[in-house]
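# Commentary on secondary and tertiary structure
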Amino acid sequence: DVRTEEKDLVIIGGGVAGYVAAIKAGQEGLKVTCIEKRGSLGGTCLNVGCIPSKSLLENSRIYHQINHDVKNRGIDVGDVKLNLPQMMKAKETSVSGLTKGIEFLFKKNGVEYIKGAGRFEDQNTVAVDLNDGGSTAVRGKNILIATGSEVTPFPGLEIDETKVVSSNGAIALKEVPKKMLVIGGGIIGLEMGSVWSRLGAEVTIVEFLGAIGGPGMDAEVAKNIQKTLGKQGMKFMLNTKVMSGDPSGQGVKLEVEAAKGGKAQTLEADVVLVAIGRRPYTQGLGLDKIGLETDSKGRIVIDSEYRTKIPHIRVIGDCTFGPMLAHKAEEEGVAAVEYLTKNYGHVNYNAIPAVMYTHPEVAWVGQNEQELKEQGVKYKVGTFPFTANSRAKTNLDTDGMVKFLADAETDRILGVHIVGPNAGEMIAEGTLALEYGASTEDVGRTSHAHPTLSEAFKEAAMATYSKAIHF
Ligand code: FAD
Ligand code: NAD
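A brief look at the structure comes next. (Residues numbered from 1 in each chain as written. Chains lettered and ligands numbered in written order. Predicted model: local features only at pLDDT ≥ 70, side-chain atom pairs only at ≥ 80, totals over all residues. Heavy atoms only, no water.)

## Focus on the pattern of salt bridges
What counts is decided by this rule: Any Lys or Arg side-chain nitrogen found within 4 Å of a carboxyl oxygen on Asp or Glu counts as a salt bridge. What counts as a helix is a DSSP run of H or I of at least four residues, what counts as a strand is a run of E of at least two, and both are numbered from the N terminus. Here the term buried applies to any residue with accessible area under 20% of the maximum for its type, exposed to any over 50%, and partly exposed to those in between, with areas from a 1.4 Å probe on protein chains only.
In this structure the tally under the stated criterion is 27 salt bridges. As a salt-bridge pair, Glu 112 and Lys 7 come within 3.7 Å of each other at their nearest N and O atoms. Of this pair, Glu 112 sits in strand E3 (residues 112-122) while Lys 7 is found in strand E1 (residues 2-12), placing the two residues 105 residues apart along the sequence. Judged by relative accessible area, Glu 112 falls into the partly exposed class, the value being 23%. Relative accessible area serves as the criterion here: at 11%, Lys 7 is assigned to the buried category. Between Glu 150 and Arg 279 there is a salt bridge whose closest N-O contact spans 3.0 Å.

Here it is as structure tokens:
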């Protein structure tokens, strides 16, 4: 059955990119339909990504802190026990509250929500295989593809989500593994590795490159956080490549060797987490039916206004270019709709923050030192350690630092890198500064409340154009 009414906008995918675009389109008065096959809105981020992982990170951190770091604060506790099913329940409560909230926002903004899998019938028609059985088809003047991404598999090691897990399985383990091996020392490996390490697993991160953190992290910051995570008990094997895996025994065996070649070594664990990146997901969309192509990395090719070569079909979020981040997808959701209604959309790709929610957190925006060196940019550096910040001292939480990179001549901020408590919130100020084209002196001459962690931010700025007071 083909619906007769033609919509202004049909969105395939109800993840962060798709649902934000749908709400924005509803607010702008467009007739909009959003098709999502998962059975709930919010995509990877709300269902199996950002939200459940942050719930586990917060609660595992509290558990770890009670076990290791309250006696010296004057708190004696008795028998501390982990109730993993309850920790998982708390996670599920956060997830379901937020995903249902989006359904409410759809209703509030007049967005039609179809539960099913969409595929192109022609350039203006999307057929939907409904989750409840049967099918329908929706016609749209404009179509927005926001189908997201999926985990990149490790060749030859099948993910069963119990012994060999992706992040999907790692947020839902039934018990704490004794030993966990993580292939890939990027954001997922370090966040999920932190969760299980805090809950008692012996976690080893196997990373191909010579540094942890994945793409974008400043090398000095990466070293700094590695040291701190090491103190917390995580083990690291850098410059190491995984050759093959064997899950046929009781646990899982991994054959590894030095990245540059060398003697092979066999590692064993109860659970292996595959976290070597994610790739765009466009399966079953029928792109070939309408003549749309993907590049060598599986990304649907678009122009600067998110248009494919069929101009009324646009693409945003993880299934196209740029960092695979929820807030990037969200910005694109708003901008893609504004291109339709106002002919102009704004996303500043130089000012998209990145945050790793370990403890301490790592956050950055703009360029890192490696990148500036490669580009031959003349820059100056200012840093301030949390050991010299009064609030971090009272909180007994002093690992980390703030680092500014600024143009050597003009003092314009080029990048901000933070490893420290609350870095993920603090980076918002750095992002705003970058967006407004601020200098480090603009930040350094702005009053910051005392005693706050943000004073470390101000003093690192001061250290860039002049000198910090407290260090
Ligand atoms: P997705 O969220 O993947 O949504 C796409 C949706 O489209 C899916 O729900 C899918 O079911 C649906 N779909 C696909 N094909 C069809 C079809 N044919 N018909 C109908 N529906 C379809 N980012 C952050 O910024 N911060 C974090 O803390 C963070 N933590 C993460 C933790 C983990 C473990 C993971 C895996 C990711 C994390 N991310 C985080 C990344 C973030 O989840 C993604 O960048 C974000 O979800 C991308 O949004 P999207 O809408 O493009 O894609
Ligand atoms: P990633 O790209 O961040 O890190 C993957 C790491 O695996 C890299 O360091 C890479 O060098 C390494 N690697 C690749 N192949 C390897 C191999 N064969 N052996 C050993 N190491 C190997 O990818 P991820 O951690 O899987 O995360 C995927 C995406 O999800 C990222 O784009 C990230 O932005 C997003 N994400 C974001 C957050 C957040 O914002 N807090 C949290 C989780 C995920």
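Having seen the model, we can carry on.
## A short note on the nonpolar core
Heads up, the condition is: Within this scheme, the nonpolar core is defined by two criteria: the residues are buried Ala, Val, Leu, Ile, Met, Phe, Trp, Tyr or Cys, and they are joined through side-chain atoms within 4.5 Å. Here, residues are in contact when the closest pair of their heavy atoms is within 4.5 Å.
If you look at the biggest cluster of nonpolar residues, it comprises 51 residues, and the most contacted ones within it are Ile 11, Phe 106, Phe 120, Ile 145, Tyr 306, Ile 313 and Ile 316. Per-element accounting of this core gives the leading share, 8 residues, to helix H1 (residues 16-27). Among residues more than four places away in sequence, those in contact with Phe 120 are Ile 12, Thr 125, Val 126, Ile 143, Ile 145, Leu 285, Gly 286, Leu 287, Lys 289, Ile 290 and Ile 313. One finds Leu 84, Leu 173, Ile 212 and Met 234 within the second-largest nonpolar core, a separate group that totals 37 residues.

## Digging into empty space enclosed by the protein
Quick reminder of the rule: Within this scheme a cavity is a closed region of a 1 Å grid, computed over the protein atoms alone, that accommodates a 1.4 Å probe without allowing it to escape, whereas a pocket is open but has protein on both sides within 12 Å along at least five of seven lines; lining residues each have an atom within 4 Å of a point. Grid points are joined across faces, edges and corners, and a volume is the space filled by probe spheres set on the points. All amino acids are sorted into three groups, where Ala, Val, Leu, Ile, Met, Phe, Trp, Tyr, Cys and Pro are nonpolar, Asp, Glu, Lys and Arg are charged, and the leftover types, Gly among them, are polar.
In the structure shown here, the tally under the stated rule is 1 cavity of 30 Å³ or more. Counted as a void, the largest cavity has a volume near 40 Å³. Together, Leu 9, Asn 142, Ile 143, Leu 144, His 312, Arg 314, Ala 336, Val 337 and Leu 340 line the largest cavity. When its residues are assigned to classes, the lining of the largest cavity shows 6 nonpolar, 2 polar and 1 charged.

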